[in-house]
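Observations on the model geometry
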Amino acid sequence: MDLKDLRNEIDEIDDELVKLFAKRMDVATRIADVKKEKSLPIFVPAREREKLADVAEKAGPEMANYTRVLYSMLFELSRSHQNKLNGNISPLYQQITEAIENTPKLFPQAPMVACQGVEGAYSQIACEKIFKSPFIMYFRNFEGVFSAIDKGLCQYGILPLENSTAGSVKKVYDLMIQHNFSIVRTFRLKIDHNLLAKPGTKISDIKEIYSHEQAINQCSEFLHQLTGVTIIPVANTAIAAEMVSKSNRTDIACLSSRNCMELYNLDCLAASIQDKGNNHTRFICISKNLEIYPGSDKTSIMMVLPHRPGSLYKFLARLYVLGINVTKLESRPIPDRDFEFMFYFDLETSIYSEEFVQLMCELDDLCEEFRYLGSYREIL
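A brief structural summary. Computed from a prediction, not measured in an experiment: that's the story for all the values here.

Broken down by element type, the chain carries 13 helices and 15 strands. Against the globule reference of 21 Å for 380 residues, the chain gives a C-alpha radius of gyration of 26 Å, more extended than a compact globule. Dimensions along the principal axes, computed over C-alpha positions, put the chain at roughly 80 × 55 × 40 Å. Within the chain, the fraction of its 380 residues that count as buried is 48%.

Okay, here's the thing in structure tokens:
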């Protein structure tokens, strides 16, 4: 028997599988009708565990694991279909619907906004790209930005979430677990780091260079070329520029933006010294209130999944079934809980899509706990 014959045999089997799958989903539809009539839950964990054990045993040792995976996917498809048929509207989706209706159609033009750092910080640049004429209040650290939102001191806050070369800003992710907020917009800012110093300073004069830890990492190749220079991390690239400007020393420099060069009257000794030219930082704009503006096509959620094999797979399988793309997945340990993690997801789906509605109505069944962080538009 040659390959063509074997493929023909596979095709015949697949024809039968498709018919059986359609038949199974038809029965699932009738089950959904009964559950709706009797107000029974769609998800029955004990029934699924029993079924998985049964089919694995019938498949035999060699095929047991493959069979569990196959049937886990079938269960996800069945539950998703039943939820859709029953039209279950969760309290979360009702809250989202109210937010869509009550959020102004025009994005705010001149609100009070919290930024980390000092004048000239990249957060300020991002803020002025997101808002037309913002009033900015500066805070020394990321915690200060979250606190300003929590206390109502500022309507919005700007925070760096990830960089295309240095990765995630883990401190921000950790603070996101502790604070309640909503993401209302995101912005990708092109980052250019420059070596700045007092007028008249030469590179050969420099003994110390100050900057934010991420900026230092992003300029590692340039910095490795320097000899006899101490690299000192500080809280912000703009703070580094301010320190150099106010110092009486002429043997120090900073890694910062051209905005800071002009703002703090510094000279540029070397321009665009980051390791990669395609260097972008993604900033999130957060609010205490849930606001969903027109054109929102990205959604962020955080969730705690059961600490057992297959938990993450099942959630990703449900996203696959719904045709929702994952653009970001980050895990962070939960404080005071041993070996438990909070998963952060960025999802690509319009708030008006049927898939979005279905997912928001199914989140309770997919995890132990979750937080909806908001739906928004990203500015490039």
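Further notes follow.
This part covers the pattern of salt bridges. Between side chains of opposite charge, pairing is possible as soon as their charged atoms come close. A full pass over the atoms with the stated rule returns 20 salt bridges. With a shortest N-O distance of 4.0 Å, E16 and K19 are connected by a salt bridge. Here the residue E16 and the residue K19 both occupy positions in helix α1 (residues 3-38), the gap between them amounting to 3 residues, near one helical turn. For K19, a relative accessible area of 57% puts it in the exposed group. Notably, a salt bridge pairs K58 with D54, separated by 3.1 Å at the nearest N-O pair. Taken as a pair, K58 and D54 lie in helix α2 (residues 45-59) at a separation of 4 residues, close to a single helical turn. Overlapping salt bridges bring together E162, K170, R188, R282, K328, E330, D346 and E378 as one network.

Once that is clear, we can look at a nonpolar patch on the surface. On the surface, I13, L17 and L20 cluster together into a nonpolar patch covering about 290 Å² of accessible area. Within the secondary structure, L20 is located in helix α1. With a relative accessible area of 52%, L20 lands in the exposed category.

By the criterion of burial, strand β14 (residues 341-348) is predominantly enclosed, with 6 of the 8 residues buried. Two strands pair when backbone bridges link them, and strand β12 (residues 298-304) and β14 are joined in this way by 7 bridges, in the antiparallel orientation. Paired with I301 across the two strands is F345, which belongs to β14. Both strand β13 (residues 325-333) and β14 contribute to a ladder of 8 bridges, which runs antiparallel.

Okay, the sheet that holds strand β6 (residues 194-197) next. Strand-to-strand pairing in sheets goes through backbone hydrogen bonds, with the strands running parallel or antiparallel. As summarised here, the arrangement of the 5 strands in space is β8-β7-β9-β6-β10, forming an open sheet in which the pairing is mixed. The strands lining the two open edges of the sheet, one partner per strand, are β8 (230-234) and β10 (267-270). Pairs of neighbouring strands in the sheet enclose a mean axial angle of 35°, with direction left out of account. Summarising the sheet, β6 and β10 pair through 3 bridges and their orientation is antiparallel. The partner of L195 across the bridge, within β10, is A270. Its contacts with the sheet put helix α10 (residues 237-246) on β6, β7 (208-212), β8 and β9 (252-256), and the angle it makes with β9 is roughly 155°.

Rules of the game
- Residues numbered from 1 in each chain as written.
- Predicted model: local features only at pLDDT ≥ 70, side-chain atom pairs only at ≥ 80, totals over all residues.
- Heavy atoms only, no water.
- Helix = DSSP H or I, 4+ residues; strand = E, 2+ residues; numbered from the N terminus.
- Rg over C-alpha atoms; globule rule 2.2 N^0.38 Å.
- Buried < 20%, exposed > 50% of the residue type's maximum accessible area, 1.4 Å probe, protein only.
- Salt bridge = Lys/Arg side-chain N within 4 Å of Asp/Glu carboxyl O.
- Patch = residues over 30% accessible without salt bridge, like charges linked within 9 Å, V, L, I, M, F, W, Y side chains within 5 Å.
- Areas by Shrake-Rupley, 256 points an atom, 1.4 Å probe, with all protein chains shown as cover.
- Pairing = 2+ DSSP bridges.
- Axes fitted to C-alpha atoms, helices over the stretch in contact; angles between N-to-C directions.
- Contact = heavy atoms within 4.5 Å.

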